[in-house]
Protein chains: 2
Amino acid sequence: MTGTDHTQISQAVKESNRKSPVVILVKPQMGENIGAAARAMLNCGLDRLRLVSPRDGWPNERAEAMSSGALAKMPPVEVFDSTAEAIRDCHYVMATTARPRDMVKPVYNGEGAAQEAARRGEAGEKVAFLFGGERSGLDNDDVALSHAVITVPLNPSFSSLNLGQAVLLMAYEWSKISFKQTKRECPTGDTLPASHEQLHGLMERLEGELETHHFFRSEGLKPTMIRNLRNLLVRADMTEQEVSTFHGIISALTGKKAPLKKQP
Amino acid sequence: MTGTDHTQISQAVKESNRKSPVVILVKPQMGENIGAAARAMLNCGLDRLRLVSPRDGWPNERAEAMSSGALAKMPPVEVFDSTAEAIRDCHYVMATTARPRDMVKPVYNGEGAAQEAARRGEAGEKVAFLFGGERSGLDNDDVALSHAVITVPLNPSFSSLNLGQAVLLMAYEWSKISFKQTKRECPTGDTLPASHEQLHGLMERLEGELETHHFFRSEGLKPTMIRNLRNLLVRADMTEQEVSTFHGIISALTGKKAPLKKQP
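Reading the values: rules and limits
- In this numbering scheme, every chain counts its residues from 1 along its sequence in written order.
- Chains and ligands are labelled sequentially in the order written, the chains with letters from A and the ligands with numbers from 1.
- Residues qualify for local features only when their pLDDT is at least 70, as the model is predicted, and side-chain atom pairs are given and counted only at 80 or more; totals for whole chains, interfaces and linings, by contrast, use all residues.
- The side-chain figures draw on all heavy atoms in the structure; neither hydrogens nor water molecules are used.
- For helices the rule is a DSSP run of H or I covering at least 4 residues; for strands it is a run of E covering at least 2, with both sets numbered from the N terminus onward.
- Here the radius of gyration uses the C-alpha set of atoms, whereas the globule reference equals 2.2 Å times the residue count to the power 0.38.
- A simple rule labels every residue: compare its accessible area, found with a 1.4 Å probe on the protein chains alone, to the largest value its type can have, and call it buried under 20%, exposed over 50%, or partly exposed in between.
- Between two residues, a contact is recorded if the distance between any of their heavy atoms is within 4.5 Å.
- His residues and chain termini do not enter the charge count, which takes Lys and Arg as positive and Asp and Glu as negative.
- The location of each charge is read from NZ of Lys, CZ of Arg, CG of Asp or CD of Glu.
- Multiply 1.5 Å by the residue count of a helix minus one, and that product is the helix's expected span.
- Superposition of the copies used a least-squares fit over C-alpha atoms from residues whose pLDDT is at least 70 in both.
- Fitting a line to C-alpha atoms yields each axis, with helices limited to the stretch in contact; the angle taken between N-to-C directions then spans 0 to 180 degrees.
- With respect to orientation, any angle under 35 degrees is reported as roughly parallel, any angle over 145 as roughly antiparallel, any angle of 65 to 115 as roughly perpendicular, and every other angle as oblique.
- Note on convention: the crossing is left-handed when the near helix lies turned anticlockwise from the far helix by less than a right angle, right-handed when the turn is clockwise.
- Following the grouping adopted for this structure description, the nonpolar residues are Ala, Val, Leu, Ile, Met, Phe, Trp, Tyr, Cys and Pro, the charged ones are Asp, Glu, Lys and Arg, and the polar ones are all others, Gly among them.
- Between the rings of Phe, Tyr and Trp (Trp by its six-membered ring), a pair exists once the centres lie within 6.5 Å; its type follows the angle of the planes, with under 30 degrees stacked, over 60 edge-to-face, and the other angles tilted.
- Buried surface area refers to the total accessible area, computed with a probe of radius 1.4 Å, that the two partners give up upon joining, counted for both partners together.
- Every case where a carboxyl oxygen of Asp or Glu lies within 4 Å of a side-chain nitrogen of Lys or Arg is listed as a salt bridge.
- For the purposes of these results, a polar contact is taken to be a pair of N or O atoms within 3.5 Å, where, inside protein, one atom must be able to donate a hydrogen and its partner to accept one; residues adjacent in sequence count only when each atom of the pair is a side-chain atom.
- Buried residues of nine kinds, namely Ala, Val, Leu, Ile, Met, Phe, Trp, Tyr and Cys, make up a nonpolar core once their side-chain atoms join them within 4.5 Å.
- We treat two strands as partners when DSSP finds at least two bridges between them.

Caption draft 1: Expanded view of the overall build of chain A. In terms of regular secondary structure, chain A is built from eleven helices and eight strands. Scaling as 2.2 N^0.38, a compact globule of 264 residues should have a C-alpha radius of gyration of about 18 Å, whereas chain A reaches 29 Å, well beyond that. On the principal axes, the C-alpha backbone points of chain A span a range of 85 × 60 × 35 Å. Sorting the 264 residues of chain A into buried and exposed places 46% on the buried side. Look at the contacts in chain A between residues 6 or more apart in sequence, and 83% of them connect residues 24 or more apart. Charged side chains of chain A number 32 positive and 32 negative; the gap between the two group centres comes to 5 Å.

And the structure:
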């Protein structure tokens with residue numbers, strides 16, 4: 001009853017993370033790449049990193065530096081001597097490979113793999129994404145231990161991804177499922193989009209001033225020119241504030257104040 | 001009529017690249033990040049890179065090293081003094097930002113932006129993805145010059161992406177449109193998936209041998225046990241080769257050869 005119950009909080013965090021995949025780097029060589037992988041993971045909301053026989057041991061100063069603080073914010077990295085040990089508590093292991101391995105095994109692209117991982121995570125399974133070292137990726141024995149393969153279609157004449165970049169792609173695909181995505185939006189902040197009435201008032205004022213200033217050279221072309229102008233003004237999706245600014249521009253250029261009353 | 005017409009070939013390459021977006025890095029600082037960006041671009045089939053006032057000038061040895069050969073395979077990087085100059089020939093400019101800028105402008109996520117870029121590219125427009133430097137990203141004047149903003153939803157408490165990683169995300173989203181994607185497949189290579197007849201033959205042989213070896217403790221449980229076994233064998237999606245291997249396993253364990261004739 002006194003203060004925060006940290007046990008409960010850490011339990012809640014644990015529950016939420018339980019659904020997200022574990023990232024396992026098998027025999028990674030450069031600390032920089034481990035750090036970049038950690039940063040990419042945390043960018044995308046993943047925080048369980050395991051290493052199998054890192055070449056330069058663990059911890060690694062270059063990894064810390066390259067992680068931009070990510071490693072310090074994540075649970076401790078776990079280090080194992082073999083892939084089999086690193087995946088011992090996992091229910092579904094997905095091996096990333098750049099090239100086909102002639103093994104009969106489901107092959108997912110990045111998006112398909114993330115969806116499968118999310119589905120299994122929701123069902124309580126612990127899923128692992130397995131990545132090989134810089135020189136030649138996963139060896140065939142590691143792939144044989146895995147339930148599925150992930151192969152991201154890339155430029156066939158330049159397909160070798162940096163390790164940190166490969167981890168980012170999978171972490172990113174996973175984040176697309178867990179963070180709200182909106183393909184396109186146009187927030188207007190504190191100001192509202194202009195109503196049609198406000199826009200119409202602006203159009204009529206502008207057209208009136210253009211008439212007065214002999215902008216429309218011929219009566220025959222005038223309807224088309226007006227239609228084109230209106231298309232432009234509508235397409236701009238103006239805000240209330242921008243309509244008001246535009247009135248100010250007309251006032252400045254003509255030397256006449258905007259009419260106080262809205263045009264009918 | 002004699003030899004290859006290189007003019008035509010380079011024209012064809014030019015045509016295909018004309019549809020893909022230009023990547024512009026504004027005031028990038030570290031050569032390593034420029035190189036990583038170039039490598040990520042070429043991984044994903046993009047090859048037009050422009051720089052605005054790179055801190056350490058251009059060319060840059062660290063960039064060359066980090067690009068793993070990508071820079072040598074791409075058309076020469078173009079360098080400009082200002083963002084306005086770098087986007088002069090572009091029809092649609094999309095500015096990547098990690099944080100909202102309180103500007104009234106369409107905001108795309110990664111996927112939406114790539115689709116918009118592809119649509120405009122197909123229509124003959126030159127589209128640019130604009131990235132800011134490492135320290136603070138694009139400044140507001142650069143964003144104001146852009147038609148739209150790209151903001152990728154990431155971990156709100158750790159959202160700052162490395163420059164090379166940011167370029168990869170957009171290049172990857174673009175590649176997902178241009179390279180064939182299959183969410184899941186299960187290629188069986190030279191061997192075919194087992195037919196139901198082959199699988200059924202295996203099931204009947206296994207069940208017969210288990211009967212002979214008193215595996216089914218009670219007649220009452222036998223139907224359920226057989227059903228579970230059959231579920232397992234069907235779920236494995238066995239190939240012809242694997243059915244044959246499994247017959248070999250039964251032969252080895254029982255000391256009896258597989259029947260030459262298929263079971264009825």
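Here the narrative resumes.
Caption draft 2: Examining helix α2 (residues 31-43) of chain A more closely. In this model, α2 of chain A (13 residues) spans 18 Å end to end at C-alpha, consistent with the 18 Å of a helix rising 1.5 Å per residue. Across the 13 residues that make up α2 of chain A, a large majority, twelve, are buried. Among all positions of α2 of chain A, only G31, N33, I34, G35, A36, A37, A38, R39, A40, M41, L42 and N43 of chain A are buried. Residues of α2 of chain A that are buried sit in contact with β1 (22-26), β2 (49-52), α3 (61-66), α4 (70-73) and α8 (163-178) of chain A together with α8 (163-178) of chain B. In the segment just after α2 of chain A, G45 of chain A is the residue with positive phi, at about 85°.

Caption draft 3: Spotlight on the relation of the copies chain B and chain A. Note on the identical chains: chain B maps onto chain A by a rotation of 180° and an axial translation of 0.0 Å, with an RMSD of 0.1 Å. Taken together, the rotation angle and the small translation identify this as a two-fold axis. Closest to the rotation axis within chain B is the C-alpha of Q165 of chain B, separated from it by 3.3 Å. Comparing contact sets, 100% of the residues at the interface of chain B also lie at the interface in chain A, consistent with an isologous, same-surface contact.

Caption draft 4: Spotlight on the packing of helix α6 (residues 110-122) of chain B against α8 of chain B. Residue and element names in this part refer to chain B. In the contact formed by α6 and α8, the axes pass within 9 Å of each other and the chain directions differ by 55°. Looking at the two axes, α6 sits oblique to α8. The hand of the α6/α8 crossing is right-handed. Contacts between α6 and α8 involve G110, E111, A113, A114, Q115 and A118 from the former and M170, E173, W174 and I177 from the latter. Split into classes, the residues belonging to the contact of α6 with α8 amount to six nonpolar, two polar and two charged.

Caption draft 5: How the structure looks around the packing of aromatic side chains. For the structure shown, the criterion picks out three aromatic pairs over all chains. Residues F215 of chain A and F216 of chain A carry aromatic rings whose centres are separated by 5.3 Å and whose planes lie at 80° to one another, so their mutual orientation is edge-to-face.

Caption draft 6: Here's a closer look at the interface of chain B and chain A. In this assembly, 53 residues from chain B lie in contact with 53 residues from chain A. When chain B packs against chain A, the two sides together hide about 4300 Å² of surface, and 54% of this comes from carbon and sulfur. Taken together, chain B and chain A are joined by six salt bridges. The closest approach of N and O atoms between K176 of chain B and E111 of chain A, which form a salt bridge, is 3.1 Å. The interface formed by chain B and chain A holds 26 residue pairs in polar contact (both at pLDDT 80 or more) in total. Mapped onto the side of chain B that touches chain A, the elements with two or more residues apiece are α2 (31-43), α4 (70-73), β5 (107-108), α6, α8 and β8 (184-185) of chain B.

Caption draft 7: Structural view of the packing of α8 of chain A against α8 of chain B. At their nearest, the axes of α8 of chain A and α8 of chain B sit 10 Å apart, and the two run at 65° to each other. With respect to the hand of their crossing, α8 of chain A and α8 of chain B are arranged in right-handed fashion. Residue-level inspection shows G164, Q165, L168, L169, Y172, E173 and K176 of chain A of α8 of chain A in contact with α8 of chain B, the latter providing G164, Q165, L168, L169, Y172, E173 and K176 of chain B. Its residues assigned to classes, the contact of α8 of chain A with α8 of chain B comprises six nonpolar, four polar and four charged.

Caption draft 8: Fine view of the nonpolar core. In this structure, L25 and L49 of chain A together with L25 and L49 of chain B are the most contacted members of the largest nonpolar core, which totals 79 residues. Those residues in contact with L25 of chain A, other than ones at most four positions away along the chain, are I34, A37, L49, R50, L51, V52, F131, L163 and V167 of chain A.

Caption draft 9: Seen up close, the environment of P223 of chain B. Along the chain, P223 of chain B turns up in helix α10 (residues 222-235). Taking the C-alpha atoms as reference points, P223 of chain B and R184 of chain B, 39 residues apart in sequence, are found 34 Å from one another.

Caption draft 10: Quick look at the pattern of salt bridges. All names here are of chain A. If you walk through the whole model with that rule in mind, you get 30 salt bridges over all chains. Residue R55 pairs with D56 through a salt bridge whose shortest N-O separation is 3.0 Å. Shared partners join several salt bridges into a network, and the residues in it are R50, E78, D89 and K126.

Caption draft 11: A look at the pairing of strand β4 (residues 92-96) of chain B. Residues and elements named next belong to chain B. Judged by how many residues are buried, β4 sits mostly within the fold: five of five residues are covered. A two-sided burial pattern is seen for β4, the buried positions comprising Y92, M94 and T96 on one face and V93 and A95 on the other. Sheet analysis places β4 next to strand β6 (residues 127-131), joined by four bridges and oriented parallel. In the strand pairing of β6, V93 is matched with A128. By the bridge criterion, three bridges tie β4 to strand β7 (residues 148-150) in an arrangement that is parallel. Following the sheet pairing, T96 is matched in β7 by I150.

Caption draft 12: Inspection of the sheet that holds strand β5 (residues 107-108) of chain A at higher detail. Read from one edge of the open sheet, eight strands run β3(A)-β2(A)-β1(A)-β6(A)-β4(A)-β7(A)-β5(A)-β8(B), paired in mixed fashion. Two strands lie at the open edges of the sheet, namely β3 (78-80) of chain A together with β8 of chain B, each paired on one side alone. Across the sheet, α2 of chain A lies against β1 and β2 of chain A, angled at about 155° from β2 of chain A, the strand it touches most. In the packing of α8 of chain A onto the sheet, the strands contacted are β1, β4 (92-96), β6 (127-131) and β7 (148-150) of chain A, and the crossing angle to β6 of chain A comes to about 155°.

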